[in-house]
Amino acid sequence: TTDAGLAKILSAETAGLKISISHIGLGDGAYTPARARTALQHEIVRIPIASSTINNVNHQLDISAAAQGSEEFWVREIGFFDADGTLIFVWSHATQPLGYKSAPSRFLLGLSMIVTEVPLGALQIIDQGQPLELSLAPIQAEVKALAAVEAWQSETQAEVLRGMGQSGMFMMLQYTYG
């Protein structure tokens, strides 16, 4: 949480208001984040938040977004901005990239943050209401269903062959000597 973000959140909560986080900035600056930061070191693209959920019980904030365009760069810094353009939260690492944004495909971002130093009740996430399915669970279920159909088809074919007096083997290798 930046100093500017902390001040805005405190001011909003004191007045009974909420600050609206609406965009995520992506850049290629690599550093250890500091509270005094007011901007990303080298912001390349700023994108709207696609979807979000706030879990006040667990202090968890889940945000997803998608960046698409011709830019190609290592994502080394991520910033969360309010509707006025103030940097509220920042994430970076001095040596490790957080991802890679390539031109031909969308960069899908799914983050879960545990926020304990500010009250989540003072935050409002402005999103586009477009949840991005970033989970592999639906794909895994589809793969299992296809595998089951394939196994059923193979067994059905083997049963037909057995019914015709064959063993169910499709091919047999035979060696002869002499």
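What comes next is a walk through the structure. The shown structure was predicted, so the numbers you read here are calculated from the model rather than taken from an experiment.

In this section: the overall build of the protein chain. When you go through the protein chain residue by residue, the secondary structure sums to two helices and ten strands. The buried share of the protein chain, taken over its 178 residues, is 31%. In the protein chain, 72% of the contacts between residues at least 6 apart in sequence involve partners at least 24 apart. When the accessible surface of the protein chain is summed, it comes to about 11200 Å², and 56% of that surface belongs to carbon and sulfur atoms.

This next bit is on the sheet that holds strand 3 (residues 51–55). Pairing is antiparallel in the open sheet, where three strands are placed in the order 3-4-9. The sheet is open, and its two edges are formed by strand 3 and strand 9 (107–114), each paired on a single side. Within this sheet the neighbouring strands show an average axis-to-axis angle of 10°, counted without direction. Where strand 3 lies against strand 4 (residues 60–67), five bridges are found, and the strand directions are antiparallel. What sits directly across from Ile54, in strand 4, is Leu61.

Bringing the packing of aromatic side chains into the picture now. Each aromatic ring pair is specified by the distance between its two centres and by the angle formed by the two planes. Applying the stated criterion across every chain yields a total of two aromatic pairs. With a centroid separation of 6.3 Å and an interplanar angle of 80°, the aromatic rings of Phe80 and Phe89 are classed as edge-to-face. An identical accessibility class is assigned to Phe80 and Phe89; each is buried. Over the ring of Tyr31 we find Arg37; its NZ or CZ atom is 3.9 Å from the centre of that ring. The ring centre of Phe81 lies 3.6 Å from the NZ or CZ of Arg46, which sits over that ring.

Compared with an ideal rise of 1.5 Å per residue, which puts twelve residues at 16 Å, helix 1 (residues 3–14) spans 16 Å between its outermost C-alpha atoms and is within 8% of the ideal. Regarding helix 1, the residues found buried are Gly5, Ile9 and Ala12. Take helix 1 and look down its axis: the buried residues cluster within an arc of 65°, on one side only. Exposed residues lying more than 90 degrees from the buried face of helix 1 are Leu10 and Thr14. At its buried positions, helix 1 is contacted by strand 1 (19–27), strand 7 (87–92) and strand 10 (123–125).

This paragraph deals with the nonpolar core. Judged by nonpolar contacts, the single largest core of 29 residues is most densely connected at Ile21, Ile24, Leu26, Ile78, Phe80 and Phe89. In this view, Leu26 contacts Leu40, Glu43, Ile44, Val45, Ile47, Ala67, Phe73, Val75, Glu77, Ile78, Phe107 and Leu109; residues no more than four positions away in its chain are not counted. Core analysis: the second largest hydrophobic core is formed by five residues, Leu40, Phe81, Leu87 and Val90 among them.

Within the secondary structure, Thr38 sits in the loop between strand 1 and strand 2 (43–48). With 47 residues separating them along the chain, Thr38 and Gly85 place their C-alpha atoms 9.8 Å apart.

All told, the structure shown has four salt bridges when counted by the stated rule. We note a salt bridge from Asp84 to Lys8, for which the minimum N-O separation is 3.0 Å. Of this pair, Asp84 sits in the loop between strand 6 (77–82) and strand 7 while Lys8 is found in helix 1, placing the two residues 76 residues apart along the sequence. Looking at Lys8, the relative accessible area reads 24%, which means it is partly exposed.

This part takes up the environment of Lys101. By secondary structure assignment, the location of Lys101 is in strand 8 (residues 99–101). For Lys101, a relative accessible area of 0% translates into the label buried. As a C-alpha pair, Lys101 and Phe73 span 28 residues in sequence and 5.4 Å in three-dimensional space. Apart from residues lying up to four places away in sequence, Lys101 is in contact with Ala67, Gln68, Gly69, Glu71, Glu72, Phe73, Val75 and Phe107.

Parameters and conventions
- Residues numbered from 1 in each chain as written.
- Predicted model: local features only at pLDDT ≥ 70, side-chain atom pairs only at ≥ 80, totals over all residues.
- Heavy atoms only, no water.
- Helix = DSSP H or I, 4+ residues; strand = E, 2+ residues; numbered from the N terminus.
- Buried < 20%, exposed > 50% of the residue type's maximum accessible area, 1.4 Å probe, protein only.
- Contact = heavy atoms within 4.5 Å.
- Areas by Shrake-Rupley, 256 points an atom, 1.4 Å probe, with all protein chains shown as cover.
- Pairing = 2+ DSSP bridges.
- Axes fitted to C-alpha atoms, helices over the stretch in contact; angles between N-to-C directions.
- Phe/Tyr/Trp six-rings, centres within 6.5 Å; stacked < 30°, edge-to-face > 60°.
- Lys NZ or Arg CZ within 6 Å of the ring centre and 35° of its normal.
- Expected span 1.5 Å × (residues − 1).
- Arc of directions from axis to C-beta.
- Core = buried A, V, L, I, M, F, W, Y, C linked by side-chain atoms within 4.5 Å.
- Salt bridge = Lys/Arg side-chain N within 4 Å of Asp/Glu carboxyl O.

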